[in-house]
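# Working through the structure, step by step
Here are the chains, one letter per residue:
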Amino acid sequence: MTFYYPIIGALALAIGTIREKIVLRKRKVNIKLYQTAGFLAIVLVMLPFIYFFWKMTPEAFELKNLLIFSLVIIFSIAANLFAFYSLKWEKVTKIEPARILEPLFIIILVIWFSYIFGEQLYDRNLKIIIPAIIAGIAIVFPHIKKNHLRFNKYFIAAMLGSFFFALELVISKLILNFYSPMSFYFLRCFAIFLISLAIFRPKFSKLNKKVRLEILLVGIIWVIYRVIVYYGYLNLGVIFTTLMIMLGPIFIYIFAWKFLKEKLNWKNIVSALVIISCVLYGILG
């Protein structure tokens, strides 16, 4: 039954993306203010639970592991800034092919890391890798126009965000065993909040009560998503979890069509069917 959790994570990813788009675009919230407020919301959401789910072993304090954790923070900050910039100024469906390159980046990095750090940390099971790659290609397929992808600065920003998110997630696996999923995400987000607060010095007074509640809701959704992803990495493997999370773009297309009035086409439908088939193969194969 545990393999159903990443599917819940995929749903959370879709809802979080759409809600984030609404806050950034329709509520006209500044990117730097949103990043700081968003991570504060995530920290506040986790505070009541962290006492019960705290885990941090002595290995986490070793110098090499602290350096890895520092890289996670740096890559996370870069990824979020690029992602927020693209999401604020471009339609979800137009930048989605760049955002959904993240699973392909993860798979490529996992394969590479498996030769460096061994298959005990990074699984290299072809029964999962092959359908994951097919699903990844299917995700990009609806956005190919005349044999090329449409690039603009927002698309490039989204693609850079996807790469840094993938890099952050893959290197997190190196130290994830020293934490619980909840404590790792809490420390990651708390560090990003403090750095963002120090650098950007945002004015929270610019956020009205409604927007603050919306940001808090997005925080709840991202906590659900990331804790599930980390749990999947620890118990199901990075590739298998990534394959399940690829259902996220399907939900994103549906939500963008329903709530943001963005159009779908036949390629989106074909892509969705291929992804679902690959996920079912991964579960039942």
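Residues numbered from 1 in each chain as written. Predicted model: local features only at pLDDT ≥ 70, side-chain atom pairs only at ≥ 80, totals over all residues. Heavy atoms only, no water.

### Brief notes about the confidence of the model for the protein
Of the residues in the protein, 85% have a pLDDT of 70 or more, and the chain-wide mean is 82. Of all the helices and strands in the protein, helix 4 (residues 92–99) carries the lowest mean pLDDT, 67, while helix 8 (residues 181–200) carries the highest, 94. (pLDDT = per-residue confidence, 0-100. Helix = DSSP H or I, 4+ residues; strand = E, 2+ residues; numbered from the N terminus.)

### Details of the packing of helix 1 (residues 5–26) against helix 9 (residues 209–235)
With their axes 8 Å apart at the nearest point, helix 1 and helix 9 run at an angle of 155 degrees to one another. Here helix 1 lies roughly antiparallel to helix 9, going by the angle between them. Here helix 1 and helix 9 pass one another in a crossing that is left-handed. Contacts between helix 1 and helix 9 involve Tyr 5, Pro 6, Ile 8, Gly 9, Ala 12, Leu 13, Ile 15, Gly 16, Thr 17, Arg 19, Glu 20 and Val 23 from the former and Val 211, Glu 214, Ile 215, Leu 217, Val 218, Ile 221, Trp 222, Ile 224, Tyr 225, Ile 228 and Tyr 231 from the latter. A class-by-class count of the residues in the contact of helix 1 with helix 9 yields 17 nonpolar, three polar and three charged. (Axes fitted to C-alpha atoms, helices over the stretch in contact; angles between N-to-C directions. Parallel < 35°, antiparallel > 145°, perpendicular 65-115°, else oblique. Left-handed = near helix turned anticlockwise from the far one by under 90°. Contact = heavy atoms within 4.5 Å. Nonpolar A, V, L, I, M, F, W, Y, C, P; charged D, E, K, R; others polar.)

### Side note on the pattern of salt bridges
A side chain of one charge can pair with a side chain of the opposite charge if their charged atoms are brought near each other. Throughout the structure, instances matching the rule amount to three salt bridges. Linking Arg 19 and Glu 214 is a salt bridge whose minimum nitrogen-to-oxygen distance equals 3.3 Å. Here the residue Arg 19 occupies a position in helix 1, and Glu 214 occupies one in helix 9, the gap between them amounting to 195 residues. When its relative accessible area of 8% is taken as the criterion, Glu 214 is described as buried. The residue Arg 188 makes a salt bridge to Glu 168 at a minimum N-O spacing of 2.8 Å. Residue Arg 188 is found in helix 8, and its partner Glu 168 is found in helix 7 (residues 153–172); the two are separated by 20 residues along the sequence. Given a relative accessible area of 0%, Glu 168 falls into the buried group. Shared partners join several salt bridges into a network, and the residues in it are Glu 168, Arg 188 and Arg 226. (Salt bridge = Lys/Arg side-chain N within 4 Å of Asp/Glu carboxyl O. Buried < 20%, exposed > 50% of the residue type's maximum accessible area, 1.4 Å probe, protein only.)

### A look at unusual backbone geometry
Phi is positive for Arg 201, which is not a glycine, with a value near 45 degrees. Positionally, Arg 201 belongs in the loop between helix 8 and helix 9.

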